[in-house]
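Spelled out, the chains give:
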Amino acid sequence: MTRIANNIDPTTADSRNSDVMPNAHGMFGEYGGRYVAETLIEPLAELEQAYSHYKDDPEFIAEFDTDLAHYVGRPSPLYHAQRLSQKYAGAQIYLKREDLNHTGAHKINNTIGQALLAKRMGKPRIIAETGAGQHGVASATVAARLGLECVVYMGEQDIHRQAPNVYRMKLLGAKVVPVTSGSKTLKDALNEALRDWVTNVDNTFYIIGTVAGPHPYPLLVRDFQSIIGREAREQMQQQTGSLPDALVACVGGGSNAIGLFHPFINDESVNMFGVEAGGYGLETGKHSAPLNSGRPGVLHGNRTYLMEDDNGQIIETHSISAGLDYPGVGPEHAWLKDIGRVQYDSVTDDEALAAFHELTRVEGIIPALESSHAIAYATKLASTMSSDKKILVNLSGRGDKDINTVAEIEGITI
Amino acid sequence: MSRLQATFENLAKDGRTALIAYVTAGDPHPDLTVQILHTLVEAGCDVIELGIPFSDPMADGPVIQSACERALAHGTSLKQVLNMVEEFREQDTQTPIVLMGYQNPIEVMGMKKFAKQAQQKQVDGILTVDMPIEQAEEAVNEYKKHELDNIFLIAPTTSSERIKHICDHSSGFVYYVSLKGVTGAGNLDTVEVAKNIEEIKKSTTLPVGVGFGIKDPESASKVAAIADAVVVGSAIINEIEAHASDNDKMLGNIKALMSSIRLAMDNSSTNQQQNKEVA
Ligand SMILES: Cc1ncc(COP(=O)(O)O)c(C=O)c1O
């Protein structure tokens, strides 16, 4: 039986130790917290209490483990991408195959965990926000399986670019509500989900899809996603006899990245790279890279790095991938950046698109456009390292959902 | 004595309930805000809540969201909002103004600089929607230092323990959110509200204002009978939205709406007063 969280005594641990983060107020250093309207304070406290009880409850843990094994299909494979590695004549590239999970991305690890909490807290209705639609699909999936009502908020612009996922959610019985306010993307869907929650808080559980939002969401999403890193750490040692030299993951809100990174935080020999969406290039201002070019502020219930203008208004972001098109980032990443444990960089739309095609043609794996950012960065990094080094990349999702977007860019009608 | 305290004491002497009007600064245009504020006062409003527009107003319903979008389309900044208060004060030195908004624009200006400027421009209180008491220590101290009242929300979900904690750090008045929901929602349950006001009164002698879901003379007079202040927001903004291109009509309708609400409230509190005297 695996534990969900790493419980380390906070009184003896090093304050830079990620295992003691967040503190009792949900702060990762100066980031995180609970910046919400008063109505949500009590429901968040209830959620925190429920989670701190169930994360150590043997029955809860057993059910989570069983679902991950027999419903999601875990452990997901660790795959040595030999042809890709050879092409760059540098470090060996290994892929953690979250794309092979049921529903096609890492998102399901978290929705399984939160839905089990919803069930135990007696909430018959779940709501979710979604950008790429992967979290929406994963939420609709667990709702169907547990017989819960499900409403998914999705920006109008994302509904257009992720049409296959919208239909999947509907097939699964979820109601997809188009969000037309603001920039009509993920951040606006999050606002709308928070408004729904505040209105229906008695019977509704809000499944947040990434390590953002008010405390305890960044904590519990991290814990549920940490299965990625725990498995990969073991698989890497089994297959290669040692730990990887570097980890690479794309960062939207940051859940697949933190899921991979967290179990390696104390392994000092392991360098970590988070890849944000560089859009048309950082210098154009049209991107989604708050850690690279934003500054700290308060949005969606937590303090973190944001993309904002000089008056503190959140600005519209751009990325080829809907799942990375978000002006904020999980507070733990903000903290990991400041303490220098993780290096955050960015990859442009064009580089991600090239990596999408390359992995498809060289390894026979169609990656999600989000994950393609990580692939692009890993190939660049690999070529600067010797061939006895190892890079572990989180292949967070599969690219079937993106084929319309890619075809459209290339002027092909399918 | 702060303007808020003085206003509430004067109203209490007359047995009247305060009428608080919320509008978003810069909606429909920054040039019109000060005029709208004077109109609200002429119509009988006692306190102004001036909204600082924000791109992501997560506690607000569609009406105030659109108001924010209109204000931001004209580039309304926090600095401009403070200047509007200064301009308002050229003619009106009596009516308290509470700035209401979200934390991020304040952080970008810098909390200390904001507090100092707010005091200089004669703002009276600050209500930051997404800053619950746990996160507010620094803000509370800073605002206090600059003689700004700290206004906090209390919700139907707030526990008795928290109510006490919130009241201990509040001044001016406390703001009870009448329902679980966003601004502009319906379904006000006055029996439930009355019960919760009673609970709040156990923890504080501060006036208790009630907002969210009050939109017409009828709902206002019902709440006036049980609260020290009634907050009306989305109903005013509906008028602004409907007549954004016709200033006279917009100002006329705002005045008519708020006068009718004022009248209904005064009638209701007079009845209350008489009932009390008879009893
Ligand atoms: C496949 C995939 N990867 C990554 C992301 C980005 O989210 P996060 O940064 O939380 O992992 C998404 C979000 O939709 C996704 O679908």
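Right above here is the structure, for reference.
The notes below deal with the structure included here. (Residues numbered from 1 in each chain as written. Chains lettered and ligands numbered in written order. Predicted model: local features only at pLDDT ≥ 70, side-chain atom pairs only at ≥ 80, totals over all residues. Heavy atoms only, no water.)

A look at the sheet that holds strand β4 (residues 125-128) of chain B
In sheet architecture, strand pairing relies on hydrogen bonds along the backbone and comes in two forms, parallel and antiparallel. Residues and elements named next belong to chain B. In spatial order, the strands read β5-β4-β3-β2-β1-β9-β8-β7-β6; together these nine strands make up an open sheet with parallel pairing. The open sheet is flanked by β5 (149-150) and β6 (153-154), the only strands paired with a single partner. Across two bridges, strand β8 (residues 208-211) lies against strand β9 (residues 229-232) in parallel orientation. Paired with Gly209 across the strands is Ala229, a residue of β9. (Pairing = 2+ DSSP bridges. Helix = DSSP H or I, 4+ residues; strand = E, 2+ residues; numbered from the N terminus.)

What to know about the pattern of salt bridges
All names here are of chain B. In the structure shown here, the tally under the stated rule is 43 salt bridges over all chains. Salt-bridge contacts for Glu241 lead to Arg70; the nearest nitrogen and oxygen are separated by 3.4 Å. Taken together, the residues span a long stretch of sequence, with Glu241 in helix α11 (residues 234-242) and Arg70 in helix α3 (residues 62-73) at a distance of 171 residues. A relative accessible area of 19% means that Arg70 is categorised as buried. (Salt bridge = Lys/Arg side-chain N within 4 Å of Asp/Glu carboxyl O. Buried < 20%, exposed > 50% of the residue type's maximum accessible area, 1.4 Å probe, protein only.)

Structural notes on helix α14 (residues 349-363) of chain A
All names here are of chain A. For α14, with 15 residues, the first-to-last C-alpha span of 21 Å sits near the 21 Å given by 1.5 Å per residue. Among the residues of α14, Asp349, Ala352, Leu353, Ala355, Phe356, Glu358, Leu359, Val362 and Glu363 are the ones counted as buried. Immediately beyond the C-terminal end of α14, within one or two residues, lies Gly364, with a positive phi of roughly 70°. (Expected span 1.5 Å × (residues − 1).)

Considering the site of the ligand
Residues and elements named next belong to chain A. Neighbouring the ligand are 18 residues, the closest being Thr210, Gly252, Gly254, Ser255 and Ser396. For the ligand, an oxygen atom lies 3.0 Å from a polar atom in the side chain of His106. In this structure, Lys107 approaches the ligand through a side-chain N or O atom, which is 3.1 Å from an oxygen atom. Considering the ligand on its own, with 400 Å² of exposed area, one finds that the protein chains cover 97% of that surface. For the shell around the ligand, the residue count by class is five nonpolar, eleven polar and two charged. (Near = heavy atom within 4 Å. Polar contact = N/O pair within 3.5 Å; in protein donor to acceptor, adjacent residues only side chain to side chain. Areas by Shrake-Rupley, 256 points an atom, 1.4 Å probe, with all protein chains shown as cover. Nonpolar A, V, L, I, M, F, W, Y, C, P; charged D, E, K, R; others polar.)

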